[in-house]
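Below are the chains, spelled out letter by letter.
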Amino acid sequence: MKVSVKAGLSTVYAPLFWLGFIGLGSWMIAVRELPMVVLLPLFLLAAATSFLAERVLAYRPEWNRSHGDRGRDMAHALVNETLNSVSIAAIPLLAVWMPDAGWWPQHWPFWLQLLLAIVVADIGITLMHWLSHRVPLLWRLHAVHHSVTRMYGFNGLMKHPLHQSLEALAGTAPLLLLGMPVTVAAVLAFAIGIQLLLQHSNVDIRGVRLNRLMAWAPRHRFHHLKYGRAGDVNFGLFFTVWDHLLGTAFDGGTYRIGGSDLGIGGRPDYPVHYLAQLLEPLRRQVSESASPPLPEALRRGGGAGEAASSVDQPHL
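Residues numbered from 1 in each chain as written. Predicted model: local features only at pLDDT ≥ 70, side-chain atom pairs only at ≥ 80, totals over all residues. Heavy atoms only, no water.

Undergrad: If you had to explain the side chain of glutamine 277 to someone new, which residues and values would you point to?
TA: Within the secondary structure layout, glutamine 277 lies in helix α11 (residues 274–279). Within the local environment of glutamine 277, its side chain forms a polar contact with the side chain of histidine 76, the two groups lying 2.9 Å apart. Apart from residues lying up to four places away in sequence, glutamine 277 is in contact with Arg72, His76, Val144, Ser147, Met158, His160, Tyr270, Pro271 and Val272. (Helix = DSSP H or I, 4+ residues; strand = E, 2+ residues; numbered from the N terminus. Polar contact = N/O pair within 3.5 Å; in protein donor to acceptor, adjacent residues only side chain to side chain. Contact = heavy atoms within 4.5 Å.)

So this is what it looks like as structure tokens:
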């Protein structure tokens, strides 16, 4: 494939993927009034599209090969997506027990209700994510997600179920108190899944202006740096605005991240198998060793978190 064609596809891929799948999901639920279960096969189609794009427009071709982690990541995805489905199914039951303040803008168009839900959820999830890098107990749960040594679509679903539940609670509790309808909740959960596919994608996503607004892979890869606290940047799930407000935004310059940059620098022995990762946060805490030094090329890029000056310290 010619370079110019690949560059063009890399530029339009993320916005088309995001708008196309979230738009289609919204149309199926809000306009066609199809049962919410149709979002599951639609998400599987999105995942398949993501994997195909990663092979055609790879950021790092070697990340498309399994590192013995494919089965583990699929187990994480299956468990966590099942929990999401159960949570959505429970919303009508929760509504019986929760007071209806009547504050939800039911008269708004569905797309505007969804945008409101995305913004509110993004704030809550981003703040929980930020805290998870600062509170030791939360970090122990969140570390499962940071143990990856390659980045591709399914990494976004690779989370300890307890930590995912905490993030979901932080993001959706305000919405439930406002009286968010179950249809909006279902498409919100679907939109989060689509965003996670893009945030951890191995596609060489381009388009500088949108990447300044959207928390897609070009920004989020730097969040997975293994060099001490240098990865304490780019916490946002959907948008980068919250990182600008928190002072944690970082664009990475021209630095191209490789597999040797990823993981938990102070825990190179972190468990790699699914059950071991579920149990690791519950074990007696293992002290982290000093992290590897920040590469000079990344240091010259500047701004990789204020923690770049303390990269020899353990993560927490």
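Undergrad: Describe the environment of proline 109, naming the residues involved and giving the relevant values.
TA: Looking at where proline 109 falls in the secondary structure, it is placed in the loop between α3 (70–97) and α4 (110–132). Exposure remark for proline 109: the relative accessible area of 41% places this residue in the partly exposed category. Counting along the chain gives 79 residues from proline 109 to alanine 30, while the straight-line C-alpha distance between them is 9.5 Å. (Buried < 20%, exposed > 50% of the residue type's maximum accessible area, 1.4 Å probe, protein only.)

Undergrad: Requested: an account of unusual backbone geometry, with residues and values cited.
TA: Positive phi values are uncommon outside glycine, yet glutamate 33 reaches one of about 55°. You can call glutamate 33 exposed: its relative accessible area is 65%. Unusually for a residue other than glycine, asparagine 234 sits at a positive phi of about 55°.

Undergrad: How would you explain the packing of α4 against helix α6 (residues 161–178) if you had to name every residue and give the values?
TA: Where α4 contacts α6, the two axes come as close as 8 Å, and the packing angle between them is 140°. Comparing their axes, α6 and α4 come out oblique. Helix-helix and strand crossings are classified by hand; for α4 and α6 the assignment is right-handed. Each of Ala117, Val120, Ala121, Gly124, Ile125, Met128, His129 and Ser132 in α4 lies in contact with α6, whose residues at this interface are His163, Leu166, Glu167, Ala170, Gly171, Pro174 and Leu175. Partitioned by chemical class, the residues of the contact of α4 with α6 number nine nonpolar, five polar and one charged. (Axes fitted to C-alpha atoms, helices over the stretch in contact; angles between N-to-C directions. Parallel < 35°, antiparallel > 145°, perpendicular 65-115°, else oblique. Left-handed = near helix turned anticlockwise from the far one by under 90°. Nonpolar A, V, L, I, M, F, W, Y, C, P; charged D, E, K, R; others polar.)

Undergrad: Got a sec to walk through a nonpolar patch on the surface? Specific residues and values, please.
TA: A grouping of Val5, Leu9, Val12 and Leu16 is seen on the molecular surface, where their side chains present a nonpolar patch of about 330 Å² in accessible area. Inspection of the secondary structure assignment puts leucine 16 in helix α1 (residues 3–31). Classification of leucine 16 by relative accessible area gives exposed; the value is 59%. (Patch = residues over 30% accessible without salt bridge, like charges linked within 9 Å, V, L, I, M, F, W, Y side chains within 5 Å. Areas by Shrake-Rupley, 256 points an atom, 1.4 Å probe, with all protein chains shown as cover. Salt bridge = Lys/Arg side-chain N within 4 Å of Asp/Glu carboxyl O.)

Undergrad: Mind laying out the pattern of salt bridges, listing which residues take part and the relevant values?
TA: One pass over the full model with this rule turns up nine salt bridges. Among the salt bridges present, the one from arginine 267 reaches aspartate 269, with a minimum N-O distance of 2.9 Å. Exposure remark for arginine 267: the relative accessible area of 8% places this residue in the buried category. The class for aspartate 269 is exposed, based on a relative accessible area of 52%. If you follow the salt bridges from partner to partner, you end up with Arg267, Asp269, Glu280 and Arg283 in one network.

Undergrad: Quick one: what's the story with the nonpolar core, residue by residue and with numbers?
TA: Buried together is how nonpolar side chains tend to be arranged in soluble globular proteins. Counting residues in each nonpolar core, the largest one holds 51 residues, and the members touching the most others are Met180, Leu188 and Ile194. Of all the secondary-structure elements, those providing two or more residues to this core are α1, α2 (39–56), α4, α6 and α7 (182–199). With 12 residues, α7 is the single largest residue contributor to this core. Apart from residues no more than four positions distant in its own chain, isoleucine 194 is found in contact with Phe17, Trp18, Phe21, Ile22, Phe43 and Ala46. Core analysis: the second largest hydrophobic core is formed by 14 residues, Met151, Phe222, Val233 and Tyr255 among them. (Core = buried A, V, L, I, M, F, W, Y, C linked by side-chain atoms within 4.5 Å.)

Undergrad: Provide a residue-level description of the confidence of the model for the protein chain, including the pertinent values.
TA: Averaged over every residue, the pLDDT of the protein chain is 87; residues scoring 70 or more account for 89%. Helix α12 (residues 296–301) is the least confidently modelled element of the protein chain, averaging 71 in pLDDT, while α4 averages 97, the highest of any element. Across residues 303–314 the pLDDT falls below 50, and counting only partners more than four positions away or on other chains, this stretch makes 25 contacts in the model. (pLDDT = per-residue confidence, 0-100.)

Undergrad: Tell me about the packing of aromatic side chains, residues and numbers included.
TA: A complete count under the given rule lists eight aromatic pairs for this structure. Centre to centre, the rings of tryptophan 18 and phenylalanine 238 are 6.5 Å apart; their planes meet at 80°, and the pair counts as edge-to-face. With tryptophan 18 in helix α1 and phenylalanine 238 in the loop between α9 (217–220) and α10 (241–246), this residue pair connects regions lying 220 residues apart in the sequence. Taking relative accessible area as the criterion, tryptophan 18 reaches 13% and is therefore assigned buried. Its relative accessible area of 0% is what places phenylalanine 238 among the buried residues. Here a set of aromatic residues connected by ring pairs shows up, and it is made of Tyr13, Phe17 and Phe21. (Phe/Tyr/Trp six-rings, centres within 6.5 Å; stacked < 30°, edge-to-face > 60°.)

Undergrad: For α6, give the residues involved together with the corresponding values.
TA: With 18 residues, α6 should cover 26 Å at 1.5 Å per step; its first-to-last C-alpha distance of 25 Å lies within 8% of that length. Pro161, His163, Gln164, Glu167, Gly171, Leu175 and Leu176 are the residues of α6 that are buried. Looking at the residues trailing α6, positive phi occurs at glycine 179, about 95°. (Expected span 1.5 Å × (residues − 1).)

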